[in-house]
Amino acid sequence: MQSLRKVGFLLVMLALLLSACLDAAAPGAAPSAGAETAADSNAALPASIKIGAVIPLTGRFGAGGAQVQRGYELAVETINNAGGVEFQGNKIPLELIVVDDESDPAKTVQRLEDLNTNEGVLAYLGGFGSDLHAAAAGIAEKNKIPYLGVAFAFQGVHANGFRYLFSPFPKSPELAKTTLDLFDSLDPKPTKLFGFIEKTDWGAEMNTNWQQQAEARGYEYTMEEYAPGSQDFSAMILKAKEAGADATLSLPNPPDGLAIAKQMKELDFAPAASVVIRAADGPNWPENLGKDGDYVLLMTGWSNDINLPGVKEMNEAHLAKYDAPATPITGPAYNLLFVLADAIGRAATLDHDGIRDALAATDMSESIIGPVKFREDGSAEVLTVVSQYQDGKTVSVWPPDLAATKIVYPASAYGDR
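These numbers were taken from a predicted model, which means no experiment stands behind them.

The rules behind these values
- For every chain, the first residue of the written sequence is number 1, and numbering continues from 1 onward in sequence order.
- Where local features are concerned, this predicted model is filtered to residues with pLDDT of at least 70; where side-chain atom pairs are given and counted, the filter is 80 or more; whole-chain, interface and lining totals use all residues.
- Water and hydrogen atoms were dropped before computing side-chain values, which therefore reflect all heavy atoms in the structure.
- Buried residues of nine kinds, namely Ala, Val, Leu, Ile, Met, Phe, Trp, Tyr and Cys, make up a nonpolar core once their side-chain atoms join them within 4.5 Å.
- Burial classification: accessible surface area is computed with a 1.4 Å probe over protein chains only, and a residue below 20% of its type maximum counts as buried, one above 50% as exposed, and the rest as partly exposed.
- Every helix listed is a DSSP run of H or I at least four residues long, and every strand listed is a run of E at least two residues long, numbered separately from the N terminus.
- Contacts were defined at the residue level, with two residues in contact if any of their heavy atoms lie within 4.5 Å.
- It is the directions from the helix axis to the C-beta atoms whose arc is reported.
- Stacked, edge-to-face and tilted labels apply to pairs of Phe, Tyr and Trp rings (six-membered ring for Trp) whose centres lie within 6.5 Å, assigned for plane angles under 30 degrees, over 60, and everything in between, in that order.
- Charges are assigned to positions over rings by a cutoff of 6 Å between ring centre and Lys NZ or Arg CZ, combined with an angular limit of 35 degrees from the ring normal.

Asks: What exactly am I supposed to notice about the nonpolar core here?
Replies: In a soluble, globular protein the nonpolar side chains are often hidden away together inside. Counting 55 residues, the largest nonpolar core has Tyr-72 and Leu-148 as its most contacted members. Of all the elements in the fold, those that place two or more residues in this core are β1 (49–55), α3 (62–81), β2 (85–87), β5 (123–125), α11 (311–322), α12 (330–346), α13 (352–360) and β14 (372–374). Here the element with the most residues in this core is α12; it accounts for nine residues. Residues within four places of Tyr-72 in sequence aside, it is in contact with Ala-53, Ile-55, Leu-96, Leu-125, Gly-126, Leu-148, Ala-333, Leu-336 and Leu-337. Within the second largest apolar cluster, 46 residues are counted, among which are Phe-162, Ile-277, Val-386 and Val-397.

Asks: Would you mind showing me how to read the environment of Tyr-147 here?
Replies: By the element assignment, Tyr-147 lies in strand β6 (residues 147–148). Looking at Tyr-147, the relative accessible area reads 2%, which means it is buried. Measuring from C-alpha to C-alpha, the distance between Tyr-147 and His-133 comes to 9.4 Å, with 14 residues separating the pair along the chain.

Asks: Sorry if this is basic, but what is going on with the side chain of Ser-130 here?
Replies: Turning to its location among the elements, Ser-130 is positioned in helix α5 (residues 130–143). With near-sequence residues (within four places) excluded, Ser-130 lies in contact with Phe-152, Ala-153, Phe-154, Val-157 and Trp-202.

Asks: Could you clarify how one ought to interpret helix α8 (residues 234–242) in this entry?
Replies: In an α-helix, one full turn covers 3.6 residues, which means residues spaced three or four apart are oriented alike. Looking at α8, one finds that the buried residues are Met-236, Ile-237 and Ala-240. Down the axis of α8, the smallest arc covering the buried residues is 95°, so these residues share one side. Summarising the geometry of α8, the exposed residues directed more than 90 degrees from the buried face are Ala-235 and Glu-242. On its buried side, α8 packs onto β8 (192–198), β9 (220–226) and α9 (254–266). After α8 finishes, the residue Gly-244 shows a positive phi value of roughly 75°.

Asks: Which parts of the structure should I look at to understand the packing of aromatic side chains?
Replies: The description of two aromatic rings rests on the distance between their centres and on the angle between their planes. Taken as a whole, this structure holds five aromatic pairs when the rule is applied. Aromatic pair Tyr-226 and Phe-233: ring centres 5.3 Å apart, planes at 85°, arrangement edge-to-face. Take Tyr-226 and Phe-233: they sit in the same class, and that class is buried. With a centroid separation of 5.0 Å and an interplanar angle of 40°, the aromatic rings of Tyr-334 and Phe-338 are classed as tilted. Linking Tyr-334 with Phe-338, this pair stays in helix α12, spanning four residues, or about one helical turn. The exposure class assigned to Tyr-334 is buried, which follows from its relative accessible area of 9%. For Phe-338, a relative accessible area of 26% translates into the label partly exposed. The residue whose ring lies beneath Lys-171 is Phe-152, and the NZ or CZ to ring-centre distance is 3.3 Å.

This is how it looks when you write it as structure tokens:
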């Protein structure tokens, strides 16, 4: 009998304990099934979505990396001020973690590995310069983490079958085609084109694309190669001058580009048109060259005066935050976060593969860089915007229906600037 009483007592105590647990879990009126689902869903959401950005803030690409960083920071601030990224009816703030790779591909790899191991980031954002992006894309593929990058035009990175690489930025074929489209619109058209080509994979790729476009349209094309980091470019410049080149095409890193521009003035070689990809992208171009850097054409994927929705508002926000207008690379970098936010909003899950699949399905009809849609290789169908330095500032000159002003052509002699 005592044994039965003990068993009964234990059963009563167990029932009371279960009842207390249920009351603690759901105080007050019992929630509906829908409310329980929402509560469970909210409990599973992270406090923030971590995004890791590896950027060259020092070294040869430091000036370009600074533009990229500003774009990322401003976009994250804008998104978080609105509550965060939409995900399944909730808003989650972004947490941006920025590290400097010092313009060194080996350190790019190391920093990305650290962000994966120590921070558990949902996605990677890239920096500036094709060699850094090439190194980063391989690590992103190894770790199966989506990688988004602008400020690199090297199509070769996309030829490796990477599934986690996404770049809404014009690539070499688009740059070459746009170069010759613009030249075709000039009156009189330049007829003798000369390429200053650096001895790199991207240099070879751009040279091939420029040559193919030029020859298909009846232009005369000549080129000369140089090693990055060279100090004396006079022989190459004199060859172009002696050949009677009326347009030059180049893609130097910033230090080489500034040196070439200064030596062109010293040798009094001022072609009617000059395309300078990459080196002219940052504010160090007008700061170092002044009027001698005017009339150069650059292709950065964006301009703060291009006639596209949201550009004016973004530029005003940049001016308020940094006390300076948004620079050419800042726009594509800023837009990159909205491409990612759009993908997160459409994703079924907050995991690497879910975000990758959503990015691959991106089809944005409108953004500050225009429509964005990714190809299978991770490159994108985007506008190729051409800007020109006029009075020390960049202004958009192409495409004609969206540009703020017309190209100044032919370029004035140095003595007349």
